[in-house]
Structure formats: structure tokens, C-alpha cells
Amino acid sequence: MKIIKKLDTISFVIFLVTLILVPFFFIPYFSVSSEFTKTILLSIGALTSLIFWGIARIVSGKLQIPKHSIFIAGLSIPIIFLISAFASHALINSLIGSGFEDRKSVV
């Protein structure tokens, strides 16, 4: 029980530190945009937090999924996006996106 609490705490702290660092994080290198570095930091932080949370659930041996309508609606959104991506003619761009190319705004 003690290790589960520690893993949950580690997961929470990693996610909290990630959210605090994202607004201030940048790499001073011109060919890499700050949007890209912030996205990478947020992705790595969220994934690391999810891994520790998942290990805690595996160690505890139980995972409770809420049966609330808001949870079901929130879960249906990514499923709808996935179905839409598979129905598209540009499957790879629909699933992954175009990337972090330079966007020039039209004034």
C-alpha cells in the first residue's frame, strides 16, 4: 500500500512540475521552434506521469473506471476523431498531422 501511494505521488509531482515548466521552457536554437520544444516537454512529462500512474494501478491490482456520462462523452471524442481519420483519404496526415512546419501568417 505504501509503494502505491509513493507511485501516485511521483506521478502527480511529475505532472505538476511539467505544467509549471512548460510556460518557461525553451531551447535557444533557431531551427527548433519554441512550440515544438514545449510540446515535447509536455508529451514526455505526461507520458512519464502516465507510466508511474499505470504501474501504481498494476501493483494495486484494481482499476476503477467511472460510469459517469461526462466520462463517457469525453472518451467518445477521441474515438470519433479516430473514426474520422480512418474515413479520410489522407490517412497519415489525419492520424499524425503535418508536423511542426513553419507557419507564416497572412497579414
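Scroll up a little and you will see the structure.
Residues numbered from 1 in each chain as written. Predicted model: local features only at pLDDT ≥ 70, side-chain atom pairs only at ≥ 80, totals over all residues. Heavy atoms only, no water.

A. How the structure looks around the overall build of the protein chain. Tallying secondary structure elements over the protein chain gives four helices and zero strands in all. Listing the helices and strands of the protein chain from first to last along the sequence gives α-α-α-α. For the protein chain, the residues scored as buried account for 12% of the 107 residues in total. Summarising the internal contacts of the protein chain: among those between residues at least 6 apart in sequence, 55% fall at separations of at least 24. Only carbon and sulfur atoms are counted for the fraction: they give 74% of the accessible area of the protein chain, which is about 9200 Å². (Helix = DSSP H or I, 4+ residues; strand = E, 2+ residues; numbered from the N terminus. Buried < 20%, exposed > 50% of the residue type's maximum accessible area, 1.4 Å probe, protein only. Contact = heavy atoms within 4.5 Å. Areas by Shrake-Rupley, 256 points an atom, 1.4 Å probe, with all protein chains shown as cover.)

B. Just the packing of helix H1 (residues 2-21) against helix H2 (residues 34-60), in detail. Look at H1 against H2: their axes get within 8 Å of each other, and the N-to-C directions meet at 170°. Here H2 runs roughly antiparallel to H1, going by the angle between their axes. Broken down by class, the residue content of the contact of H1 with H2 amounts to 16 nonpolar, six polar and two charged. (Axes fitted to C-alpha atoms, helices over the stretch in contact; angles between N-to-C directions. Parallel < 35°, antiparallel > 145°, perpendicular 65-115°, else oblique. Nonpolar A, V, L, I, M, F, W, Y, C, P; charged D, E, K, R; others polar.)

C. Spotlight on the pattern of salt bridges. Evaluated as defined, the whole model comprises one salt bridge. Asp-8 serves as the salt-bridge partner of Arg-57, at 3.0 Å between the closest nitrogen and oxygen. In this pair, Arg-57 is assigned in helix H2 and Asp-8 in helix H1, connecting sequence segments 49 residues apart. (Salt bridge = Lys/Arg side-chain N within 4 Å of Asp/Glu carboxyl O.)

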